[in-house]
Amino acid sequence: MKIENIEMRRVTLPLVTPFRTSFGTAYERETTLVRVTTANAEGWAEHAAEPDPLYSSEFLDGGDLVIRDHLIPRLQALGDRLTADRVATALAPVKGHPMSKAVLETAILDAQLKETGVSFGDHLGAVHERVPAGVSVGIMDSHEELLDAVGRYLDEGYLRIKLKIEPGWDVVPVRAVRERFGDDVLLQVDANTAYTLADARHLAQLDPFNLLLIEQPLPEDDLLGHAGLAKLITTPVCLDESIESARDAAAAIALGACSVINVKPARVGGYLEARRIHDVAAANGVPVWCGGMLETGIGRAANVALAALPNFVMPGDTSASNRYYTQDLTAPFVLEDGHLAVPTGPGIGVDVLPDVLNELTTRTTDIRF
Ligand code: OSB
Ligand code: MG
């Protein structure tokens with residue numbers, strides 16, 4: 001495939017409500033969009049990193065630099081032999097930076113699929129036309145505020161609630177949600193690495209609440225700690241930050257460090273590696289679900305397609321556009337009966353709205369290929 005141009009466009013979208021996690025509070029979502037132009041198509045993807053390196057070591061300004069100075073030159077060296085399948089191998093000599101690699105591979109895959117008229121879902125192996133939607137609920141200033149938010153999301157039809165937790169905001173809010181909304185609500189928690197193995201006895205106090213899982217309780221490099229914790233609590237341990245590849249997934253499963261995996265395509269270098277994680281997990285009887293990074297409609301479209309693969313058996317953080325934004329960059333993803341429809345058009349299957357895009361753009365860089 002011959003690429004003519006790569007545009008990097010920085011955009012900022014205000015969030016409808018601040019989103020607080022154990023590592024910080026986001027008031028807006030800033031991202032770099034990558035637009036790949038070929039003779040017959042335009043491929044789009046969005047960078048998952050945040051402005052600060054708090055979720056992982058990647059951050060947006062660093063991503064822009066590594067894409068421009070280290071990743072794109074390696075793709076240019078492939079010339080007309082460049083295809084989405086060859087991106088990961090071409091970029092492998094550059095250590096780390098999975099989110100920056102993912103945004104390039106995804107935009108190139110989108111352009112390629114648009115040229116051939118194939119949807120992301122069909123290309124990846126989707127088996128569902130719609131996927132169940134969960135919602136990730138941030139840390140709040142009070143329990144009343146939390147219960148209000150959870151109540152509103154349940155009224156909207158969300159099929160699973162995930163509570164962000166940290167030391168000082170864990171057992172008590174989980175109990176409050178269970179007492180208010182009952183034992184039938186599918187409920188899980190996400191600590192974003194905020195605990196250590198020494199907190200095992202404290203985290204065991206979550207056992208009676210029948211949570212689907214606890215996500216990433218310990219630091220990302222502590223697989224043995226997670227394996228130890230899994231033996232000390234009955235809540236299933238799920239990994240997010242720890243899993244950056246299918247090899248990581250295989251190791252974590254073999255060590256007993258997790259019994260569920262949150263698959264975020266950006267965190268693992270793209271949708272092709274994400275599919276391999278899906279496959280490794282399936283082969284080991286480990287369920288997976290699709291995580292999110294507050295994506296706009298551009299990233300959400302591809303995530304929803306991935307979430308339609310057969311081993312995505314738990315509702316993902318694939319929420320509707322209005323959970324994040326009053327005005328999305330694409331036509332909004334809307335909750336229908338607790339589900340989002342998998343796009344069926346070529347590539348990611350959604351169009352970027354040009355006026356909204358221009359209004360939210362803060363800078364643009366063109367790289368002739
Ligand atoms: O840990 O899953 C996470 C958002 C930003 C960074 C990390 C995480 C999250 C979420 C929100 O939990 C998921 C979403 O709704 O996109
Ligand atoms: Mg997480």
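On a predicted model such as this, the values are computed, not experimentally measured, just so you know.

Draft legend 1. Structural detail: the pattern of salt bridges. This structure, assessed with the given rule, holds 22 salt bridges. In this structure, Asp317 and Arg160 form a salt bridge, with 2.5 Å as the shortest nitrogen-oxygen distance. Here Asp317 is found in the loop between helix H11 (297-306) and strand E12 (339-341), whereas its partner Arg160 is found in strand E6 (residues 160-164), with 157 residues between them in sequence. When sorted by exposure, Asp317 lands in the same class as Arg160, which is buried. Here Lys264 and Asp240 are joined by a salt bridge, their closest N and O atoms 2.8 Å apart. Here Lys264 is found in the loop between strand E10 (260-263) and helix H10 (271-283), whereas its partner Asp240 is found in the loop between strand E9 (237-239) and helix H9 (246-255), with 24 residues between them in sequence. The pair formed by Lys264 and Asp240 is uniform in burial state, with each residue classed as buried. Each member of the salt-bridge network shares a partner with another, and the members are Arg160, Lys162, Lys164, Asp190, Glu215 and Asp317.

Draft legend 2. The arrangement of the sheet that holds strand E7 (residues 187-190) in detail. Spatial strand order, E5-E6-E7-E8-E9-E10-E11: seven strands in an open sheet with parallel pairing. With one partner strand each, in any of the chains shown, strand E5 (134-137) and strand E11 (288-290) form the two edges of the open sheet. Here E10 runs beside E11; their pairing, made up of three bridges, is parallel. Looking at E11, one finds that Asn262 is bridged to Trp289.

Draft legend 3. Molecular detail of the packing of helix H1 (residues 60-76) against helix H2 (residues 84-91). Remark: H1 packs on H2, axes separated minimally by 10 Å, with the N-to-C direction vectors making an angle of 125°. One way to sum up the angle between H1 and H2 is to call them oblique. Considering how the two elements wind past one another, H1 and H2 form a crossing that is right-handed. Packed against H1, whose contacting residues are Leu71, Arg74 and Leu75, the element H2 presents Val87, Ala90 and Leu91 at the interface. Considered class by class, the residues forming the contact of H1 with H2 number five nonpolar, no polar and one charged.

Draft legend 4. Spatial organisation of the site of ligand 1. Taken together, 17 residues lie around ligand 1, and Ser136, Lys164, Asn192, Leu294 and Tyr324 are the ones closest in. Within the contact set of ligand 1, an oxygen atom lies 3.0 Å away from a side-chain nitrogen or oxygen of Asp190. The fraction of the free accessible surface of ligand 1 (390 Å²) that becomes covered by protein chains is 100%. For the shell around ligand 1, the class distribution of residues is six nonpolar, three polar and eight charged. Each of two domains, domain 1 (3-117 + 352-368) and domain 2 (122-341), supplies a minimum of three residues to the shell around ligand 1.

Draft legend 5. How the structure looks around the nonpolar core. Ranked by internal contacts, the top residues of the largest apolar core, which has 117 residues, are Val137, Leu163 and Ile261. Per-domain counts for this core show at least three residues from each of domain 1 (3-117 + 352-368) and domain 2 (122-341). With residues near it in sequence (within four places) discarded, Leu163 still touches Val137, Leu146, Val150, Pro173, Val174, Val177, Leu187, Gln188, Val189 and Asp190.

Draft legend 6. Just the domain arrangement of the protein chain, in detail. We note that the domain assignment places domain 1 (3-117 + 352-368) and domain 2 (122-341) within the protein chain. For domain 1 versus domain 2, the distance between C-alpha centres works out to 23 Å. With 32 residues of domain 1 at the interface, the matching set in domain 2 holds 41 residues. Along the contact surface separating domain 1 from domain 2 lie two salt bridges. Here Arg20 ties to Glu166 by a salt bridge, and the two come within 2.9 Å at their closest N and O atoms. Taken together, the links from domain 1 to domain 2 amount to twelve residue pairs in polar contact (both at pLDDT 80 or more). Residue assignment for the side of domain 1 that touches domain 2 shows that the elements contributing at least two residues are strand E1 (3-21), strand E2 (24-38), strand E3 (42-46), H2, helix H3 (98-116) and helix H12 (354-360). When grouped by side-chain class, the residues that make up the side of domain 1 that touches domain 2 number 23 nonpolar, three polar and six charged.

Draft legend 7. Region of interest: the sheet that holds E1. Strand order in the open sheet made by the four strands is E3-E2-E1-E13, with antiparallel pairing throughout. The open sheet terminates on both sides in strands that have one partner only, identified here as E3 and strand E13 (361-368). Going across the sheet, the axis of each strand differs from the next one's by a mean of 20°, ignoring polarity.

About the criteria used
Residues numbered from 1 in each chain as written. Chains lettered and ligands numbered in written order. Predicted model: local features only at pLDDT ≥ 70, side-chain atom pairs only at ≥ 80, totals over all residues. Heavy atoms only, no water. Salt bridge = Lys/Arg side-chain N within 4 Å of Asp/Glu carboxyl O. Helix = DSSP H or I, 4+ residues; strand = E, 2+ residues; numbered from the N terminus. Buried < 20%, exposed > 50% of the residue type's maximum accessible area, 1.4 Å probe, protein only. Pairing = 2+ DSSP bridges. Axes fitted to C-alpha atoms, helices over the stretch in contact; angles between N-to-C directions. Parallel < 35°, antiparallel > 145°, perpendicular 65-115°, else oblique. Left-handed = near helix turned anticlockwise from the far one by under 90°. Contact = heavy atoms within 4.5 Å. Nonpolar A, V, L, I, M, F, W, Y, C, P; charged D, E, K, R; others polar. Near = heavy atom within 4 Å. Polar contact = N/O pair within 3.5 Å; in protein donor to acceptor, adjacent residues only side chain to side chain. Areas by Shrake-Rupley, 256 points an atom, 1.4 Å probe, with all protein chains shown as cover. Domains from an automatic or database assignment. Core = buried A, V, L, I, M, F, W, Y, C linked by side-chain atoms within 4.5 Å.

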